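# Examination of the molecular architecture
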Amino acid sequence: MVYLRNNSIELHIVPSSKRTDELIHTLIRLWEDSVRASHHFLNEQDILRLVPFVNQAILTIDTLIVSYSNNTPVGFMGIEARKIEMLFVLPTYFGTGIGGHLVRTAINQHHVIYVDVNEQNQHATGFYRHLGFHTFERTETDGQGNPFPILRMCLAEASRPDVSI
């Protein structure tokens, strides 16, 4: 258990066999709340169109880590191939240290060095820069081909994306 700004937080790695319909539904609602509070460049139709992709990602991601406060999910992160593929926190927990704790766990325990960030989510780009990531590539579209530029970032220690640390 970790104590972050007056919240006791537990992190649990959730194996694919334990990703129940109830947990998936809860994490999708958490994702929707987080995205509505942080991805102001998306409209409601964009968000609803992404739900099936998020559902599939939560089900199939190699490593799913869920942050719990009082047995309630308040954040989650998905990791695959040394990359943070998703990181979302309930808006009421923004600024409490949960996101930073998840990223440090990803770096220290799962050897993560990469993350992709929506360029228009300036809070997220600043968050990752603060934690030591820097941009090494920019794309004009997201993974689904939507016109939302993506910044590909890696840890500052990895000056090139192919460097192992």
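The structure contained in this document is the topic of the report that follows. (Residues numbered from 1 in each chain as written. Predicted model: local features only at pLDDT ≥ 70, side-chain atom pairs only at ≥ 80, totals over all residues. Heavy atoms only, no water.)

## Let's talk about the overall build of the chain
Secondary structure summary: the chain contains four helices and eight strands in total. In sequence order, the chain lays out its α and β elements as β-β-α-α-β-β-β-α-β-α-β-β. Relative to the compact-globule value of 15 Å for 165 residues, the chain shows a C-alpha radius of gyration of 15 Å, a close match. Considering only C-alpha atoms, the chain reaches an extent of 40 × 35 × 30 Å along its principal axes. By the burial criterion, 47% of the 165 residues in the chain qualify as buried. In the chain, of all internal contacts separated by at least 6 residues, the share reaching a separation of at least 24 is 60%. Element-wise, carbon and sulfur atoms account for 50% of the exposed surface of the chain, whose accessible area totals about 8,800 Å². Taken together, the 13 basic and 17 acidic charged side chains of the chain have centroids lying 4 Å from each other. (Helix = DSSP H or I, 4+ residues; strand = E, 2+ residues; numbered from the N terminus. Rg over C-alpha atoms; globule rule 2.2 N^0.38 Å. Buried < 20%, exposed > 50% of the residue type's maximum accessible area, 1.4 Å probe, protein only. Contact = heavy atoms within 4.5 Å. Areas by Shrake-Rupley, 256 points an atom, 1.4 Å probe, with all protein chains shown as cover. Lys, Arg positive; Asp, Glu negative; His and termini not counted. Charge placed at Lys NZ, Arg CZ, Asp CG, Glu CD.)

## Regarding the environment of I28
Mapping I28 onto the fold places it in helix α1 (residues 21-38). Along the sequence, I28 and F88 sit 60 residues apart, while their C-alpha atoms lie 10.0 Å from each other. Setting aside chain neighbours within four positions, we find I28 in contact with V51, V54, N55 and I58.

## Here we look at the side chain of S67
Considering the arrangement of structural elements, one finds S67 in strand β3 (residues 63-69). Its relative accessible area of 0% is what places S67 among the buried residues. Beyond its immediate stretch of four places on either side in the chain, S67 contacts I9, E10, L11, T72, P73, V74, G75, I98 and L102.

## Some remarks on the pattern of salt bridges
Enumeration over the complete set of coordinates arrives at nine salt bridges. Between K83 and E85 there is a salt bridge, with the nearest N and O atoms lying 3.7 Å from each other. Note on E85: relative accessible area 40%, which makes it partly exposed. One salt bridge connects E140 with R138, and the closest N-O pair in it is separated by 2.4 Å. By sharing partners, the salt bridges in this structure join K83, E85, D116, E137 and R152 into a single network. (Salt bridge = Lys/Arg side-chain N within 4 Å of Asp/Glu carboxyl O.)

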